[in-house]
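Reading the structure
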Amino acid sequence: PPPNPATSPLLNGVWDLKAIGGYSTPKLSSPTREIALFLYSGGYSPAAFLLRVVSGLSPVLGSPHVSLSITRPSGSAPRVTASCAVSGALSFSVSLKSDLSAQTPVRLSETYVGVSAPGPLGDFDVPAAARYSRSVYVTYLDDDVMVLRDAAGVPEVLARSAGDGAR
């Protein structure tokens, strides 16, 4: 693993979401729990958000596949595109775009900047006033596996996509 994973070229490539952590189920339900978790952990990751939305519809739509593509265009901040493809009775793809900036050798700041959706929504940029950022910690990174954690410590485990030529 690299000593400074937040700036490592190993970040670049296509990553498949393999597992995502979560919070324990409370003994007492609260209607504001999801809002509080969203605010205190700095928001959902794009992959977790897409997976949560599409998984709720999976009995109707089919099984979702979530992947992250991290690219670093020359002279600019790394760009993350989280894509969720669903194939089954209805096939479609939704993407969330965010920019990354290294804050420390292991911490990244992720700012959400755009959405690409099918149908009338199409592609659009998130207005500056509606953009939000969250901190992401790269706790493990090698050629094949990446483990990210949000500010609350919730992990996401990603594996490099088999067809990824960015290695």
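Quick look at the structure, then. (Residues numbered from 1 in each chain as written. Predicted model: local features only at pLDDT ≥ 70, side-chain atom pairs only at ≥ 80, totals over all residues. Heavy atoms only, no water.)

Helices and strands together make up the secondary structure of the chain, namely 2 helices and 9 strands. The helix and strand sequence of the chain, counted from the amino end, reads β-α-α-β-β-β-β-β-β-β-β. Sequence separation of 24 or more characterises 50% of the internal contacts of the chain that already satisfy a separation of 6 or more. (Helix = DSSP H or I, 4+ residues; strand = E, 2+ residues; numbered from the N terminus. Contact = heavy atoms within 4.5 Å.)

In this section: the pattern of salt bridges. Counted by the stated rule, this structure contains 3 salt bridges. As a salt-bridge pair, Asp99 and Arg79 come within 2.7 Å of each other at their nearest N and O atoms. Placement of Asp99 in strand β4 (residues 92-102) and of Arg79 in strand β3 (residues 79-86) is noted, with a sequence separation of 20 residues between them. We classify Arg79 as partly exposed; its relative accessible area is 28%. Among the salt bridges present, the one from Glu110 reaches Arg134, with a minimum N-O distance of 2.7 Å. With Glu110 in strand β5 (residues 107-116) and Arg134 in strand β7 (residues 133-141), this pair connects stretches of sequence that are 24 residues apart. Here the two residues Glu110 and Arg134 agree in accessibility, since each one is buried. Where salt bridges share partners, they join Glu110, Arg134 and Glu156 into one cluster. (Salt bridge = Lys/Arg side-chain N within 4 Å of Asp/Glu carboxyl O. Buried < 20%, exposed > 50% of the residue type's maximum accessible area, 1.4 Å probe, protein only.)

What follows deals with the packing of aromatic side chains. Under the defined criterion, the tally for this structure stands at 1 aromatic pair. Here the aromatic rings of Tyr112 and Tyr132 are separated by 4.6 Å at their centres, their planes lie at 40 degrees, and the arrangement is tilted. A residue pair is termed long-range when its members are at least 10 positions apart, and Tyr112 in strand β5 and Tyr132 in the loop between β6 (123-125) and β7 qualify at 20 residues. Under the relative-accessibility criterion, Tyr112 is labelled buried at 6%. With a relative accessible area of 30%, Tyr132 lands in the partly exposed category. (Phe/Tyr/Trp six-rings, centres within 6.5 Å; stacked < 30°, edge-to-face > 60°.)

A few words on the pairing of β7. Inspection of the sheet shows β5 paired to β7 by 5 bridges, in the antiparallel sense. Bridged to Ser109 within β7 is Ser135. The sheet contact formed by β7 and strand β8 (residues 145-150) spans 5 bridges and is antiparallel. Pairing of Tyr137 across the sheet is with Arg149, part of β8. (Pairing = 2+ DSSP bridges.)

A few words now on the nonpolar core. Trp15, Met146 and Leu158 are the most contacted members of the largest nonpolar core, which totals 18 residues. For this core, the elements supplying multiple residues, two or more each, are β1 (13-20), β2 (64-71), β3, β7 and β8. (Core = buried A, V, L, I, M, F, W, Y, C linked by side-chain atoms within 4.5 Å.)

Of note, Asp150 is situated in strand β8. Nearest to the buried, unbridged Asp150 among oppositely charged side chains is Arg134, at 4.6 Å. Reaching out from Asp150, the side chain makes a polar contact with the backbone nitrogen of Ala152 at a distance of 2.9 Å. (Lys, Arg positive; Asp, Glu negative; His and termini not counted. Polar contact = N/O pair within 3.5 Å; in protein donor to acceptor, adjacent residues only side chain to side chain.)

As a further point, take the side chain of Asp16. Note that Asp16 resides in strand β1. The buried charged residue Asp16 lacks any salt bridge, with Lys18 as its nearest oppositely charged partner at 4.7 Å. What Asp16 contacts, discounting residues up to four positions off in sequence, is His65, Val66, Ser67, Val157, Leu158, Ala159 and Ser161.

Now for the environment of Leu11. Considering the arrangement of structural elements, one finds Leu11 in the segment before β1. Overall, the relative accessible area of 3% leaves Leu11 in the buried class. Distance in space between the C-alpha atoms of Leu11 and Thr71 is 8.3 Å, their sequence separation being 60 residues. Those residues within four positions of Leu11 in sequence are excluded, and the remaining contacts are Pro5, Ala6, Ile70, Leu108, Val138, Leu141 and Met146.

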